[in-house]
Structures are given as C-alpha cells and as structure tokens.
Amino acid sequence: PASDARAGDMGAPTVIAHRGASAYAPENTLASIDKAAQLGFTWVENDVQRTKDGELVVIHDDSLQRTTDVEQVFPDRAPWKVKDFTAAEIARLDAGSWYSPAYAGTRVPTLKDYMCQVEHNHEKLLLEIKNPELYPGIEQQTVKLLGNEGWLDPKHLGRLIVQSFSADSIRTVHELRPAITTAYLGSPTVAQLGQYAPFTDLVNPSYGSLSPTYVSAVHAVKGPHDKPLGVFAWTVNDAATARRVAGYGVDGIITNKPDVVREALASH
Ligand code: G3P
Ligand code: CA
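Calculation notes
Residues numbered from 1 in each chain as written. Chains lettered and ligands numbered in written order. Predicted model: local features only at pLDDT ≥ 70, side-chain atom pairs only at ≥ 80, totals over all residues. Buried ≥ 20, exposed ≤ 12 C-beta atoms within 10 Å, placed from the backbone. Helix = DSSP H or I, 4+ residues; strand = E, 2+ residues; numbered from the N terminus. Arc of directions from axis to C-beta. Contact = placed C-beta atoms within 7 Å. Near = placed C-beta within 6 Å. Nonpolar A, V, L, I, M, F, W, Y, C, P; charged D, E, K, R; others polar. UniProt positions renumbered as here; feature names shortened; annotations may be inferred. Pairing = 2+ DSSP bridges.

### Let's talk about helix 10 (residues 258–266)
Thought 1: Taken as a whole, helix 10 has its buried residues at Pro258, Val261 and Ala264. Down the axis of helix 10, the buried side of the element spans an arc of 125°, and every buried residue falls inside it.
Thought 2: In the core, the buried residues of helix 10 are packed alongside strand 1 (14–17), helix 1 (30–38), helix 9 (239–247) and strand 9 (252–255).

### Side note on the site of ligand 1
Thought 1: In the neighbourhood of ligand 1, the contacting residues comprise His18, Glu45, Asp47, His60, Glu128, Leu185, Trp234, Thr235 and Ile254.
Thought 2: Looking at side-chain class alone, the shell around ligand 1 contains 3 nonpolar, 3 polar and 3 charged residues.

### Looking at the UniProt feature "domain: GP-PDE" (unreviewed entry) in the chain
Thought 1: Those places that UniProt annotates as "domain: GP-PDE" (unreviewed entry) correspond, in this numbering, to residues 13–265.
Thought 2: Secondary structure content for residues 13–265 is 31% helix and 17% strand, and the end C-alpha separation is 9 Å.

### Describing the environment of Asn256
Thought 1: Within the secondary structure layout, Asn256 lies in the loop between strand 9 and helix 10.
Thought 2: Note on Asn256: 21 C-beta atoms within 10 Å, which makes it buried.
Thought 3: In the structure, Asn256 is positioned 48 residues away from Gly208 in sequence and 16 Å away in space, judged by C-alpha atoms.

### Some remarks on the pairing of strand 2 (residues 43–50)
Sheet faces and side chains relate simply in a regular strand, where the side chains alternate between the two faces.
Thought 1: Counted residue by residue, strand 2 has 8 buried out of 8 residues, so it is predominantly covered.
Thought 2: Burial along strand 2 is two-sided: the residues Trp43, Glu45, Asp47 and Gln49 and Val44, Asn46, Val48 and Arg50 are all buried.
Thought 3: Summarising the sheet, strand 1 and strand 2 pair through 2 bridges and their orientation is parallel. Counted as the bridge partner of Ala17 is Val44 from strand 2.
Thought 4: With 6 bridges joining them, strand 2 and strand 4 (residues 124–129) adopt parallel strand pairing. Bridge pairing links Glu45 to Leu126 in strand 4.
Thought 5: Taken together, the 3 bridges between strand 2 and strand 3 (residues 56–58) define a ladder with antiparallel strand orientation. Across the sheet, the residue bridging to Val48 is Val58, located in strand 3.

This is how it looks when you write it as structure tokens:
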C-alpha cells in the first residue's frame, strides 16, 4: 500500500494543484480540476466538509460566504456555515461568479461528483478532511464513500492521500483503513515526529517553516508502511520559492499555479 507520490524516489518533487488549479479557475470546483488536467497535472488537492443533511461537499471555508453567492440567495442565514445548509440548498449556489463571470453557474461539488470527475480526468487526489471537529464521524463517512467509489481497491490506492490538520482525524483514517496513505498538515518538531509516525506517511508543512535539515530529519523517520516519511510543502506560488523548496529535498509542492512551479523546476 503506497501512494505513488511517497518519499524516496529521489526525482523532482510531485506538483499538486491546490484546490485544483485555483489561480486559474474557482477553487474546489470541477472547473478547477479540469483546468489542472488541461495544464497536464495529475495530482489535485481539495477540502471536504459536510452539509446539514449529511452530504460530503468540497469547499475550503467553514462558511459559504467567500466562494458562493449565498448572501444574495439566503440573505437571512448569516454566518452561512456549510454545516447549517442542506445539500439541496448548496446546490442552488453559484460558486464561480465570485472568481470570474466566465465561471457563472459553477457549483459547489459533492465529494461523490468530484471523485467521478477526478476519475474521468485520470487524476490523483490529495483529499483534506477540513474542520473535522465540526463534523463528528466524517472520517468514517469519507472512508466509506471512497470504498464505495472504488478508491480503496489495491490498484487505486496509489492515487489517493488523505490529509488533515487534525492528527486525530488522520489517526482515525489510518486505523479504519491502514492501507490508505495519510498526511499530517503541520510542522511537528523533530522530537515529536515519533508521535506521528505510527499513523502518518507524510508531514506536510507550510513552506515557511521548512529547512533542509528539517526535511532530512523527517525523511529519517519511518512511517506506518515502513517507508521514510514524505514531505509536501504548501502553498508555493512563485518560481524562486519553488526552486528553493525543491532544493530542500521535499517530495511534493502544493501550489495554486502548477504550471509556474513545473516551469521553475524544469529550469532548475
Ligand atoms: O494542502 C495544504 C493546504 O491546503 C493547507 O491549507 O488552508 O489551503 O487548506 P488550506
Ligand atoms: Ca486544503
């Protein structure tokens, strides 16, 4: 069981389109992963939360306000929390116009529809369980959906990584399905790495907290699948930073501008 983006292959870092190719299309929509595919990228990152009636949906903020027209459609429902709206209500919202009129009518995808499009595009998924403290049982529900959609079949496991800022969430996912590749979002100290290693395959820090020494120290620890822990850095959107962080030896770079990062690494 291994993601094919795991550490140790010594190649150039894997480039992951953050919230899809989110510099060029509205984040966390089908349009954003289509854009990533058009640019030639296979790995996309997303954020998963849950509606009032229990549907898993793909959206970053815990409120619908920033990335939809919810204020116009439901003016009396402030602060417009995802968890307070049904899937049918969210399906009415426009999740593209805030970004550009060219994307008017784009919807907040359900995770199920999003997974279908990832499959259709032959993409690979870095799935973030977002704000799990708001959604008890979201780990079980996500793993169940992944299983139902075929993503936990051995031949597909290499196309999936599940990550979270919540160590508890990642530990739960690992315990539910040890074959899933997992990532902890954060920068544990080197001394703390041993606490995370039993249940996380990667440590994914903000690039600002990285150093070559830290990346080496993470690589020196083995994860639950007896492979070196990997490191994906986020969110790197310019060429100079991409080159610097690649030089630290990271295994992946998470970016809103995957084309810029690819170009920077190619001319490294
Ligand atoms: O994938 C890393 C990154 O997505 C974590 O931060 O806030 O963009 O979900 P955020
Ligand atoms: Ca994210």
